[in-house]
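A structural walkthrough
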Amino acid sequence: MTTASLAAGPKTAAAPNTPKEIPMAAQPATATPAAPASAAKQGVDLGEVLGNFFRKVIPPLLGFAFIIGIWALVSMKSSDFPSPAKTWNAAVVLFSDPFYSNGPNDQGIGWNILSSLKRVAIGFGVAALVGIPMGFIIGRFAFMNSMLEPIISILRPVSPLAWLPIGLMVFKAADPASTWTIFICSIWPMILNTAQGVQRVPQDYMNVARVLNLSEFKIITKILFPSVLPYMLTGIRLSIGTAWLVIVAAEMLTGGVGIGFWVWDEWNNLKVEHIIIAIFVIGIVGLVLEQMLLLVARRFSYGER
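The rules we used
Residues numbered from 1 in each chain as written. Predicted model: local features only at pLDDT ≥ 70, side-chain atom pairs only at ≥ 80, totals over all residues. Heavy atoms only, no water. Helix = DSSP H or I, 4+ residues; strand = E, 2+ residues; numbered from the N terminus. Buried < 20%, exposed > 50% of the residue type's maximum accessible area, 1.4 Å probe, protein only. Contact = heavy atoms within 4.5 Å. Phe/Tyr/Trp six-rings, centres within 6.5 Å; stacked < 30°, edge-to-face > 60°. Lys NZ or Arg CZ within 6 Å of the ring centre and 35° of its normal. Salt bridge = Lys/Arg side-chain N within 4 Å of Asp/Glu carboxyl O. Axes fitted to C-alpha atoms, helices over the stretch in contact; angles between N-to-C directions. Parallel < 35°, antiparallel > 145°, perpendicular 65-115°, else oblique. Left-handed = near helix turned anticlockwise from the far one by under 90°. Nonpolar A, V, L, I, M, F, W, Y, C, P; charged D, E, K, R; others polar. pLDDT = per-residue confidence, 0-100. Core = buried A, V, L, I, M, F, W, Y, C linked by side-chain atoms within 4.5 Å. Expected span 1.5 Å × (residues − 1). Bend = angle between axes of the 7 residues up to and from the residue.

**A short note on the overall build of the protein**
Check the secondary structure of the protein and you find 11 helices and 0 strands. Of the regular secondary structure in the protein, the N- to C-terminal order runs α-α-α-α-α-α-α-α-α-α-α. The buried share of the protein, taken over its 305 residues, is 31%. For the protein, restricting intrachain contacts to residue pairs at least 6 apart in sequence, the fraction spanning at least 24 positions comes to 68%.

**Brief notes about the packing of aromatic side chains**
The tally for this structure, following the rule as stated, stands at 4 aromatic pairs. Their ring planes at 80° and their centres at 5.1 Å tell us that Phe-99 and Trp-111 sit as a pair that is edge-to-face. With Phe-99 in the loop between helix H3 (84-96) and helix H4 (109-140) and Trp-111 in helix H4, the pair connects residues that are 12 residues apart, well separated along the chain. When its relative accessible area of 43% is taken as the criterion, Phe-99 is described as partly exposed. Taken together through their ring pairs, the aromatic side chains of Trp-163, Trp-180 and Phe-183 make up a single cluster. The cationic tip of Arg-140 hangs over the ring face of Phe-141; the distance from NZ or CZ to the ring centre is 5.8 Å.

**Description of the pattern of salt bridges**
Taken as a whole and assessed by the stated rule, the structure comprises 3 salt bridges. When the shortest N-O distance is used, the salt bridge between Arg-119 and Glu-251 registers 2.6 Å. Here Arg-119, found in helix H4, pairs with Glu-251, found in helix H9 (residues 216-254); they are 132 residues apart in sequence, far enough to count as distant. The buried category is assigned to Arg-119, whose relative accessible area is 8%. Classification of Glu-251 as buried rests on a relative accessible area of 0%. Taking the shortest distance from any N to any O, the salt bridge between Arg-237 and Glu-290 comes out at 3.3 Å. Taken together, the residues span a long stretch of sequence, with Arg-237 in helix H9 and Glu-290 in helix H11 (residues 272-299) at a distance of 53 residues. According to the relative accessible area criterion, Glu-290 is partly exposed, its value standing at 31%. Each of the salt bridges in this network shares a partner with another, and the network as a whole consists of Arg-119, Asp-175 and Glu-251.

**Regarding the packing of helix H7 (residues 174-199) against H9**
At a minimum axis separation of 7 Å, H7 and H9 run at an interaxial angle of 155°. On the basis of the axis angle, H7 is roughly antiparallel to H9. Our pair here, H7 against H9, has a crossing hand that is right-handed. Grouping the constituent residues of the contact of H7 with H9 by class yields 16 nonpolar, 12 polar and no charged.

**Focus: the packing of H9 against H11**
At a minimum axis distance of 9 Å, the contact between H9 and H11 shows a crossing angle of 165°. Here H11 runs roughly antiparallel to H9, going by the angle between their axes. Crossing of H9 against H11: the hand is right-handed. Contacts between H9 and H11 involve Leu-233, Ile-236, Arg-237, Ile-240, Trp-244 and Val-248 on the former and, on the latter, Ile-282, Val-285, Gly-286, Leu-289, Glu-290, Leu-293, Leu-294, Val-296 and Ala-297. Classifying every residue of the contact of H9 with H11 by side-chain character gives 12 nonpolar, 1 polar and 2 charged.

**Focus on the confidence of the model for the protein**
Chain-level statistics for the protein give a pLDDT mean of 81 and a share of 84% at 70 or above. Here residues 1-32 scores under 50 on pLDDT; set against residues more than four positions off or in separate chains, the count is 2 contacts.

**Concerning the nonpolar core**
Counting 54 residues, the largest nonpolar core has Ile-236, Trp-244 and Ile-259 as the members making the most contacts within it. Of all the secondary-structure elements, those providing two or more residues to this core are H3, H4, helix H5 (142-155), H7, helix H8 (203-211), H9, helix H10 (259-268) and H11. A per-element tally of this core places H9 first, with 14 residues. With residues up to four places along the chain from it excluded, the contact list for Ile-236 reads Phe-124, Ile-132, Met-190 and Leu-293.

**Observations regarding H4**
The end-to-end C-alpha separation of H4 is 45 Å, in line with the 46 Å expected for 32 residues at 1.5 Å each. The largest bend in H4 is about 25°, located at Ala-128.

**Focus on the environment of Arg-156**
The topology assignment puts Arg-156 in the loop between H5 and helix H6 (164-171). On the accessibility criterion, Arg-156 (45% relative accessible area) is partly exposed. Between the C-alpha atom of Arg-156 and that of Ile-187, which follows or precedes it by 31 residues, the distance is 9.2 Å. Once you skip the residues sitting within four places of it in the chain, Arg-156 turns out to touch Trp-188 and Leu-192.

Shown next as structure tokens:
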């Protein structure tokens, strides 16, 4: 073997392209900077969550505190007006047994609320069965719209309580008369909103239905109903608020078991703290009903969520 070959041999053996292994201690610690960044991100997210929480919670609490403060000042100026503490104590006693029954004219607040809700459910349900189909008819057919629009325009502004004597005359009883009042005040928002929704359906949809020779039933179920549903739910939400508002006044005039009659009875007994409790109960129940319908409306909304 020549000297040149010996010199070339080591050079060829020392030329592999494989990377050298770096000891673990010499490798750069790439994961170490990620921990402070992650902690900082968590801190920012936590601060944002707390900020949103306080922005949503603190203003309502301040509003309630303001109302309670005014309430306390009024009760200090007037001995007949109950203080917040006295009203709270009365509410604790009242809701400790809300479903007692000592006869038809002496029942717990729970029974009175349920009786009012039952009347609202019956009157509101009948109004939905009549008002929603009528809204579809008015919105779908121009002739029916021209015929019924003047009648609705005249009857809609009438106060619901103006219909109560008509109900008493026809039904000869206070309970169906109250239900009739709920029906007549609940039907208008459902008719008008449903009709407006039908009239706002794009004409292209109706042209496609005409080209495909769809039946009226398929036009209503496949085209009109999905498009009109948001308008219809808005009318239902407005109607339930009006119905719960009217039932209190109707029960004050008709008597029997119900939250309105209970308020009037407590006024006759000079229990003003119970009237204040009833005001809060009526507001809370109305808010719950409205929020339930809002959840239903969001569930069936076809827009972005």
